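Each chain, written out:
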Amino acid sequence: LGGGKKERPLVLHTRFHFGYIGSYNSKMQISPFERFRMGGTGINGFNFILGTEIISLRGYTEDALFPNNEGGIIYDKAVFELRYPVVTEGMATIYGFGFFEAGNNSADYKTFNPLDLKRSVGFGASLFMAAIGNISFGYGWGLDPTPLSSNGAATNGGNFLFSIGASIR
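As the structure is a computational prediction, the values presented were derived from the model and not from experiment. (Residues numbered from 1 in each chain as written. Predicted model: local features only at pLDDT ≥ 70, side-chain atom pairs only at ≥ 80, totals over all residues. Heavy atoms only, no water.)

Points about the overall build of the chain
Stage number 1. Regarding its fold elements, the chain presents zero helices and nine strands.
Stage number 2. Split into buried and exposed, the 169 residues of the chain put 38% on the buried side.
Stage number 3. Summarising the internal contacts of the chain: among those between residues at least 6 apart in sequence, 57% fall at separations of at least 24.
Stage number 4. As displayed, the chain has an accessible area near 10,400 Å², and 61% of this comes from carbon and sulfur atoms. (Helix = DSSP H or I, 4+ residues; strand = E, 2+ residues; numbered from the N terminus. Buried < 20%, exposed > 50% of the residue type's maximum accessible area, 1.4 Å probe, protein only. Contact = heavy atoms within 4.5 Å. Areas by Shrake-Rupley, 256 points an atom, 1.4 Å probe, with all protein chains shown as cover.)

Encoded structure:
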């Protein structure tokens, strides 16, 4: 009814992902080059030379969940993102968000536990323009310990986030 304040709804954006690499022939082994790597913003997305797919898990460093130095053949991931639109008119959409993510990556489907998840939380802001896509800034915290990185430092803790374009996973 005329001229009132425009409502800006709070949006809960949820996503669930699962990936599995297998073979039709039990005599063939899975190539060490075709694997999942998990952690970070996933800005790299895919390494077409090695055939690895990078699955984002904000709040952890890049490749923090990278089993046995080869990568995983099975992963699962859940994302809950609460978004609040700040600007919705014109050529750009700007929204603030808070997130909770949980995921895991395993090198062996026999020992894979879909409920043994590494969790992270964080917040940020995102700008969407049709001409260039999504640009996001934020900060995330990894809540669970992960295997040690190559330099011996733990890979969980706070991390700044930056990404351009939509993360595939």
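Now that the structure has been shown, the text picks up again.
What about the confidence of the model for the chain?
Stage number 1. Averaged over the chain, the pLDDT score is 83; the fraction of residues at 70 or greater is 84%.
Stage number 2. Across the chain, element-level confidence peaks in strand 5 (residues 74-87) with a mean pLDDT of 95 and bottoms out in strand 3 (residues 46-47) with 59. (pLDDT = per-residue confidence, 0-100.)

Some remarks on the pattern of salt bridges
It is possible for side chains bearing opposite charge to pair when their charged atoms get close.
Stage number 1. In the structure shown here, the tally under the stated rule is four salt bridges.
Stage number 2. Residue Arg58 pairs with Glu81 through a salt bridge whose shortest N-O separation is 3.0 Å. One end of the pair, Arg58, is in the loop between strand 4 (52-55) and strand 5; the other, Glu81, is in strand 5, and 23 residues separate them in sequence. Here the two residues Arg58 and Glu81 agree in accessibility, since each one is buried.
Stage number 3. Its salt-bridge partner being Arg83, residue Glu81 comes within 2.6 Å of it at the nearest N-O pair.
Stage number 4. If you follow the salt bridges from partner to partner, you end up with Arg58, Glu81, Arg83 and Glu101 in one network. (Salt bridge = Lys/Arg side-chain N within 4 Å of Asp/Glu carboxyl O.)

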